[in-house]
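Observations on the three-dimensional arrangement
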Amino acid sequence: MKHRKMLIILLLMAIVTQAIGAILNRIVISSNLGMPTIGCASAFSKWVPIDQGTKLTALSDVIRVGNYALSMGDLFIITGLFISMSALWLAIPAGRKFFPFLVASVVGVFMSIAEPNRIISTVLCEIAAVGTIIAMYWSHRSAVKAQVIKKR
């Protein structure tokens, strides 16, 4: 594999970035007994309103994107996912035709997680993402087998 070092670096960056995002989210959630969210009038599900007693407000869901609110931790997690998807793009060139399905699945996961009590749609989008990665790998493996047979 000609991009092996770059892939290792990208995957390590993705893991570290996502871990930082998860830690930031966990810190603010444990400090406030829920994720403080801008525009939230009362506590529901895993979100609580931002008020004078809110700790670590800068790490809370204060970044508005359409109808959604994101935190700094969410941005780190999204960045880590982008890095890992870039690594997949480089590692599995034969599976690139499935890449739009992977992007749509990941976006679906984030949109369904942002809504309370949407476990079914979240699980379905996660299954679609994993299935897409398997299809990408299967396509890559078939291409490699075809090359080996061709060389004989």
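Residues numbered from 1 in each chain as written. Predicted model: local features only at pLDDT ≥ 70, side-chain atom pairs only at ≥ 80, totals over all residues. Heavy atoms only, no water.

So, about the overall build of the protein. A count of helices and strands for the protein gives 4 helices and 4 strands. Secondary structure elements of the protein occur, N-terminal to C-terminal, as α-β-β-β-β-α-α-α. Going through the 152 residues of the protein one by one, you find that 31% of them count as buried. Entry remark: accessible area of the protein is about 10000 Å², with carbon and sulfur atoms responsible for 70%. (Helix = DSSP H or I, 4+ residues; strand = E, 2+ residues; numbered from the N terminus. Buried < 20%, exposed > 50% of the residue type's maximum accessible area, 1.4 Å probe, protein only. Areas by Shrake-Rupley, 256 points an atom, 1.4 Å probe, with all protein chains shown as cover.)

We now examine the nonpolar core. Among the nonpolar cores identified, the biggest contains 14 residues, and Met85, Leu88, Ile92, Phe99, Leu102 and Met136 are the most heavily contacted of them. At the level of elements, helix H1 (4–32), helix H2 (72–91), helix H3 (99–114) and helix H4 (119–151) are the ones that each hand at least two residues to this core. No other element matches H2, which puts 5 residues into this core. Residues Leu24, Val28, Met35 and Trp47 belong to the second largest nonpolar core, which totals 5 residues. (Core = buried A, V, L, I, M, F, W, Y, C linked by side-chain atoms within 4.5 Å.)

Glancing now at a nonpolar patch on the surface. On the surface, a nonpolar cluster with roughly 400 Å² of combined accessible area is contributed by Ile120, Val123, Leu124 and Ile127. Note on placement: Ile127 falls in helix H4. (Patch = residues over 30% accessible without salt bridge, like charges linked within 9 Å, V, L, I, M, F, W, Y side chains within 5 Å. Salt bridge = Lys/Arg side-chain N within 4 Å of Asp/Glu carboxyl O.)

Okay, H1 next. Taking 1.5 Å of rise per residue, 29 residues should cover 42 Å, and H1 covers 42 Å from first to last C-alpha, within 8% of that figure. Where H1 is concerned, the buried positions are Leu7, Leu10, Ala14, Thr17, Gly21, Leu24, Asn25, Val28 and Asn32. Considering only its buried residues, H1 is in contact with strand S1 (35–37), strand S2 (47–49) and H2. Backbone geometry just downstream of H1 places Leu33 in the positive-phi region, at approximately 55 degrees. (Expected span 1.5 Å × (residues − 1). Contact = heavy atoms within 4.5 Å.)

Bringing the environment of Met85 into the picture now. With respect to the helices and strands, Met85 occurs in helix H2. The exposure class assigned to Met85 is buried, which follows from its relative accessible area of 12%. C-alpha separation for the pair Met85 and Leu102, spaced 17 residues apart in sequence, amounts to 8.5 Å. Leave out the neighbours within four places in its chain, and Met85 touches Phe99, Leu102, Val103 and Val106.

Where H1 contacts H2, the axes come no closer than 7 Å and their chain directions differ by 160 degrees. Here H1 lies roughly antiparallel to H2, going by the angle between them. The element H1 and its partner H2 pack so that their crossing is left-handed. Class assignment for the residues of the contact of H1 with H2 results in 16 nonpolar, 8 polar and 1 charged. (Axes fitted to C-alpha atoms, helices over the stretch in contact; angles between N-to-C directions. Parallel < 35°, antiparallel > 145°, perpendicular 65-115°, else oblique. Left-handed = near helix turned anticlockwise from the far one by under 90°. Nonpolar A, V, L, I, M, F, W, Y, C, P; charged D, E, K, R; others polar.)

Taking 1.5 Å of rise per residue, the 20 residues of H2 would be expected to cover 28 Å, and the 29 Å separating its terminal C-alpha atoms lies within 8% of that figure. Within the sequence span of H2, burial applies to Gly73, Asp74, Gly80, Ile83, Ser84, Met85, Ala87, Leu88 and Ala91.

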